[in-house]
Amino acid sequence: MAHLLMVESWVGSMSRLLPRAIRENGHEFTFLTRDLHHYLRSAPEGTAHPLLAARHVLTADTNDTATLLPAVERLHTALGFDGVITSCDYYLPVAARLADRLGLPGPSAEAVGNACRKDATRRVLDAAGVPGPRFAVHSTWAEVAEGAREIGYPLVVKPVDLCAGMYVRRVDDEAALRDAWRALDGFPVNARGQRRSPAVLLEELLDGPEVSVETVSYGGTTEVIGVTDKSVGGAPAFIETGHMFPAALASADAAAARETAVLALKALGLDDVVAHTEIKLTAAGPRVVEVNPRPAGNRITELIRHVTGVDLATACVDVALGHRPDLRGWDTGMRSAAIGFLVPATAGTLASVDGGDAAREAPDVLEVQLAEPGRSVEAAGSNNAYLGHVMAGDPEGPGARARVEALLSGLRPRVVAP
């Protein structure tokens, strides 16, 4: 039995999948957070949050690295940790630094830091010759406006240190750019109380479909688990509306995406990590969108498990402990699996979501999760506003996406105006 230190977590699926993987593999964990109520609020009514199954639940200022490092050293002396883990993007660099400080397994703290900063990722990959969009990084409005004119419209505006598509926008002219700039400038602190960088990343708008490559790196070798496709909506935002695994791609496109992802991981120096690399398949070839040094979100890991039997949550636990992960998988009887998200179009209060029972009773449905009535709803601007999802499989071939889209069309959310 091993003992992991878990430093914060998302409150979505990974907050459940990682504790499950730790428990099912005979390990235990201590959970460290600066705000326990952040997690208590997210638990379904009448249930305990899975993170509370920890051996210990401790509080510390996880945003203050200078005081956190020696504090965790003292905890390590008393409790004895075998690895450090997190699923939350905002704490991946902290977890890597803690593992390094304690002499425990894990990826390079510098590599993780570069992967978690979109501007640093761009610079590292560009220097290594890994293909990506033309880009510029600026901090003042005058610089941003000039940088946009140099790249040319349309382009994409991104914060360098947020996730889930927050404040990522397509802009077609300077007026739209100013609106995007003002919105981002008005969000100086993220949801975890961390002060944000004023830097803004400008990128040329890439054509073509977007996919993600799911990998596990250990001991200097990267194994590609597969390629996942992505559907995007909500323009001018980039909201992920669904995924399918494996992506229905020509073999040459899949191979190019896999190769590009491995090159990106190598350029960043990422090893001993489960990663999720997003790539655009443009007419000029694959281009890296971003590299995430953690398992994929939006339940992509569950799509993979349903199709291949490979559990990337368990692989994440294994590499955090310095163990070689078992990635052999098995024949699950499912040839593709897909998920589609219910994205709100209007703000208000959720009165009901009709059609849920029919979706649950449909053949080859793997999951149906819908928001409860009474929830406050905002018109979606990122991946944080979903009203639920449907997941389904196809035991015959690549038909899972079509099944999910048909099921989603039967769901009818009723939002009452405020």
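Computed from a prediction, not measured in an experiment: that's the story for all the values here.

Colleague: Explain the sheet that holds strand S14 (residues 336-341) to me, please; I cannot follow it from the model alone.
Modeller: Paired through backbone hydrogen bonds, the strands of a sheet run either parallel or antiparallel to each other. Pairing is antiparallel in the open sheet, where eight strands are placed in the order S13-S12-S9-S10-S11-S14-S18-S16. The open sheet has two free edges, formed respectively by strand S13 (285-292) and strand S16 (365-370), since each of these has just one partner strand. The average undirected angle you get between the axes of adjacent strands in this sheet is 25 degrees. By the bridge criterion, eight bridges tie strand S9 (residues 210-218) to strand S12 (residues 273-282) in an arrangement that is antiparallel. Of the residues in S12, the one forming a bridge with Val213 is Thr277. Where helix H10 (residues 300-308) meets the sheet, it contacts S9, strand S10 (221-233), strand S11 (239-245), S12, S14, S16 and strand S18 (388-394), and its direction lies at approximately 15 degrees from that of S11.

Colleague: For this particular structure, what's the right way to read the pairing of strand S6 (residues 155-159)?
Modeller: Across a regular strand the side chains alternate sides, sitting on one face of the sheet and then on the other. Burial within S6 is extensive, with five of its five residues counted as buried. Here S6 shows no split at all, with Leu155, Val157 and Pro159 on one side and Val156 and Lys158 on the other all buried. One ladder, built from three bridges, connects S6 with strand S7 (residues 169-171); its direction is antiparallel. The partner of Val157 across the bridge, within S7, is Arg169. As paired strands, S6 and strand S8 (residues 200-204) are joined by five bridges and run antiparallel to one another. Bridging from a neighbouring strand, Val157 pairs with Leu202 of S8.

Colleague: Quick question: what am I supposed to make of empty space enclosed by the protein here?
Modeller: Any space left empty among the atoms is revealed by the rolling of a water-sized probe across them. Within this structure, the stated rule accounts for two cavities of 30 Å³ or more. A volume near 210 Å³ is recorded for the largest cavity. What lines the largest cavity is a set of 20 residues, and nearest its centre among them are Val84, Leu92, Pro107, Val273 and Pro293. Those elements giving two or more residues to the lining of the largest cavity turn out to be strand S4 (83-85), helix H4 (92-102), S12 and helix H11 (312-320). Examining the composition of the lining of the largest cavity, we find that four residues originate from one element, H4, more than from any other. Grouping the amino acids of the lining of the largest cavity by side-chain chemistry returns 16 nonpolar, two polar and two charged. Shared between two domains, the lining of the largest cavity holds at least three residues of each, these being domain 1 (3-104) and domain 3 (207-332). Together, Ala115, Lys118, Thr121, Arg122, Lys158, Leu201, Glu203, Val289, Glu290 and Val291 line the second largest cavity. Going through the elements one at a time, helix H6 (118-128), S8 and S13 are the ones with two or more residues in the lining of the second largest cavity. Class assignment of the residues belonging to the lining of the second largest cavity gives a composition of four nonpolar, one polar and five charged. Three or more residues apiece are contributed to the lining of the second largest cavity by two domains, here domain 2 (133-204) and domain 3 (207-332).

Conventions and cut-offs
- Residues numbered from 1 in each chain as written.
- Predicted model: local features only at pLDDT ≥ 70, side-chain atom pairs only at ≥ 80, totals over all residues.
- Heavy atoms only, no water.
- Pairing = 2+ DSSP bridges.
- Helix = DSSP H or I, 4+ residues; strand = E, 2+ residues; numbered from the N terminus.
- Axes fitted to C-alpha atoms, helices over the stretch in contact; angles between N-to-C directions.
- Contact = heavy atoms within 4.5 Å.
- Buried < 20%, exposed > 50% of the residue type's maximum accessible area, 1.4 Å probe, protein only.
- 1 Å grid on protein atoms, 1.4 Å probe; cavity = no way out; pocket = protein on both sides within 12 Å on 5 of 7 lines; lining within 4 Å.
- Points joined across faces, edges and corners; volume = space filled by probe spheres on them.
- Nonpolar A, V, L, I, M, F, W, Y, C, P; charged D, E, K, R; others polar.
- Domains from an automatic or database assignment.

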